Amino acid sequence: MKRAAAFVILLGLSACRATDPPAKPEATCVKACGDRASVRCSDTDCRRGCRLALDRMLEKEGDRVIACVAGASNRRCDEFTWADCLARIGPHADGGPPAPLPGKVDFDEDD
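Residues numbered from 1 in each chain as written. Predicted model: local features only at pLDDT ≥ 70, side-chain atom pairs only at ≥ 80, totals over all residues. Heavy atoms only, no water.

**Q** It is not clear to me how the side chain of R40 should be interpreted in this structure. Could you clarify?
**A** In this fold, R40 is placed in the loop between α2 (25-36) and α3 (43-52). It turns out R40 is buried and unbridged, and the closest side chain with the opposite charge, D78, is 8.7 Å from it. A polar atom in the side chain of R40 sits 3.5 Å from the backbone oxygen of V69. Polar contacts involving the side chain of R40 include one to the main-chain carbonyl oxygen of A72, which spans 2.3 Å. In this structure R40 touches D45, V69, A70, G71, A72, S73, N74, R75, R76 and C77, once residues within four positions along its chain are discounted. (Helix = DSSP H or I, 4+ residues; strand = E, 2+ residues; numbered from the N terminus. Buried < 20%, exposed > 50% of the residue type's maximum accessible area, 1.4 Å probe, protein only. Lys, Arg positive; Asp, Glu negative; His and termini not counted. Salt bridge = Lys/Arg side-chain N within 4 Å of Asp/Glu carboxyl O. Polar contact = N/O pair within 3.5 Å; in protein donor to acceptor, adjacent residues only side chain to side chain. Contact = heavy atoms within 4.5 Å.)

**Q** Got a minute to help me understand the packing of α3 against helix α6 (residues 79-88) in this structure?
**A** Helix packing geometry: the angle between the two helix axes and the distance between the axes. Taken N-terminus to C-terminus, the directions of α3 and α6 make an angle of 35°; their axes are 10 Å apart at the nearest point. Relative to α6, the crossing made by α3 is right-handed. Every residue of α6 that contacts α3 at D45, C46, R48, G49, C50 and L52 is listed here: E79, W82 and L86. (Axes fitted to C-alpha atoms, helices over the stretch in contact; angles between N-to-C directions. Left-handed = near helix turned anticlockwise from the far one by under 90°.)

**Q** Hey, could you run me through α3 in this one?
**A** Residues three or four positions apart in an α-helix share a direction because the helix packs 3.6 residues into each turn. When we look at burial in α3, the residues that qualify are C46, G49 and C50. Projected down its long axis, α3 carries its buried residues within an arc of 100°, all on one side. Tucked inside the fold, the buried residues of α3 contact α2, α4 (54-58) and α6. (Arc of directions from axis to C-beta.)

**Q** Looking at this model, I keep getting lost on unusual backbone geometry. Mind explaining?
**A** In most cases, non-glycine residues show a negative phi, while peptide bonds are predominantly trans. Here the phi dihedral of K60 falls at roughly 65°; this positive angle occurs in a residue that is not glycine. For K60, a relative accessible area of 73% puts it in the exposed group.

**Q** Quick question: what am I supposed to make of the side chain of E61 here?
**A** Looking at the secondary structure, you find E61 in the loop between α4 and α5 (62-70). Residue classification places E61 among the buried positions, given a relative accessible area of 15%. Not counting residues within four places of it along the chain, the set of residues in contact with E61 comprises R56, I89 and G90.

**Q** Can you walk me through the pattern of salt bridges in this structure?
**A** A side chain with one charge may pair with a side chain of the opposite charge, provided their charged atoms come close. Throughout the structure, instances matching the rule amount to nine salt bridges. A salt bridge links K31 to D35, with the nearest nitrogen and oxygen atoms 3.3 Å apart. Linking K31 with D35, this pair stays in helix α2, spanning four residues, or about one helical turn. Residue K31 is classed as partly exposed on the basis of its relative accessible area of 44%. Residue D35 is classed as exposed on the basis of its relative accessible area, which comes to 54%. R64 is the partner of E61 in a salt bridge, and the nearest nitrogen-oxygen pair spans 3.1 Å. Classification of R64 by relative accessible area gives partly exposed; the value is 47%. Ionic contacts of the salt-bridge type, sharing partners, join the residues D55, R56 and E59 into one network.

What follows is the structure in structure tokens.
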């Protein structure tokens, strides 16, 4: 009887965590993608895109990236769409730092 009671308690405690958000950033992204972009993206598309977007997830930009993918005008959920959204979100949206100035030209002249 004690074993059955302990089993029921353990089962109940483990079931309580069933609705908790996933602990890993990639799993959180895949779940959010499935919830918000399921019309456009399959589970495989979400998993593949979230692997591309892992750095943005760690930068806390995941919601904006998924919103961009879900609202993309091309009606696809491929790597190009994910990469396009990743380039438009967060600190990388401005294109990065300017190119360095050209250096001094040093050619040997045969004059």
